Amino acid sequence: MTEQTDWPENVTARYLTVGGATVDLTHRLTVHTPPAPLATLASCTGCPTAEEFSHYRLIRGMTTQREEHEPAAADAKARAWAQSHAETCRAIPKPPVTPQQ
Ligand SMILES: [Zn+2]
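The text that follows walks through the structure, step by step, so that each part is easy to find. (Residues numbered from 1 in each chain as written. Predicted model: local features only at pLDDT ≥ 70, side-chain atom pairs only at ≥ 80, totals over all residues. Heavy atoms only, no water.)

1. Some remarks on the overall build of the chain
Stage number 1. Scanning the chain for helices and strands turns up one helix and six strands.
Stage number 2. In sequence order, the secondary structure elements of the chain are arranged as β-β-β-β-β-β-α.
Stage number 3. Computed over its C-alpha atoms, the radius of gyration of the chain comes to 17 Å, more than 25% above the 13 Å expected for a compact globule of 101 residues.
Stage number 4. Summarising its shape, the C-alpha atoms of the chain cover approximately 65 × 35 × 25 Å along the three principal directions.
Stage number 5. Within the span of the chain, comprising 101 residues, buried residues form 26% of the whole.
Stage number 6. Across the chain, contacts joining residues at least 24 apart in sequence account for 38% of those joining residues at least 6 apart.
Stage number 7. Each charge class in the chain can be summarised by its mean position, and for the 9 positive and 11 negative side chains these summaries are 6 Å apart. (Helix = DSSP H or I, 4+ residues; strand = E, 2+ residues; numbered from the N terminus. Rg over C-alpha atoms; globule rule 2.2 N^0.38 Å. Buried < 20%, exposed > 50% of the residue type's maximum accessible area, 1.4 Å probe, protein only. Contact = heavy atoms within 4.5 Å. Lys, Arg positive; Asp, Glu negative; His and termini not counted. Charge placed at Lys NZ, Arg CZ, Asp CG, Glu CD.)

Right under this line is the structure:
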């Protein structure tokens, strides 16, 4: 299980794609101090695909609208998306650029 040590600090979950890349879940933070997570971002390291899941859901009423904070629901959606992308993505991660000397 040595792979786990390479995880970037902010990655909360990681899915291995069929192409050998990973789909990483990270939290997008607000610019406030201290920053708070506002969305869960799922991004593939093998292809440019990424999807953002907001932690806020807009509830529309008859005359008003309000926002509900649902980070767990956003995380669940992001995990489902990452899982299904990992199962279908065949893009191979680009090897790191090695400086020529
Ligand atoms: Zn991909």
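Moving on from the coordinates now.
2. Looking at the coordination of the zinc ion
Stage number 1. The coordination sphere of the zinc ion, as far as protein atoms go, consists of Cys44 (SG), Cys47 (SG), His85 (NE2) and Cys89 (SG), spread over 2.1 to 2.3 Å.
Stage number 2. Coordination of the zinc ion draws on donor residues from a single chain, spaced C-x2-C-x37-H-x3-C in sequence. (Donors = N, O, S within 2.8 Å, 3.2 Å for Na, K, Ca; no water.)

3. Some words on the environment of proline 71
Stage number 1. With respect to the secondary-structure elements, proline 71 resides in helix H1 (residues 71-88).
Stage number 2. Proline 71 sits 16 residues away from histidine 55 along the chain, and the two C-alpha atoms are 4.5 Å apart.

4. Here's the deal with the pattern of salt bridges
Stage number 1. Summed over the entire model, instances satisfying the criterion amount to five salt bridges.
Stage number 2. Ionic pairing is found between glutamate 52 and arginine 28, a salt bridge with its closest N-O pair at 3.0 Å. Residue glutamate 52 is located in strand E4 (residues 50-54), and its partner arginine 28 is located in strand E2 (residues 22-29); the two are separated by 24 residues in the primary sequence.
Stage number 3. Between arginine 66 and glutamate 68 there is a salt bridge, and its shortest N-O distance comes to 2.8 Å.
Stage number 4. Within this structure, Arg57, Arg66, Glu68 and Glu70 form a network of salt bridges that share partners. (Salt bridge = Lys/Arg side-chain N within 4 Å of Asp/Glu carboxyl O.)

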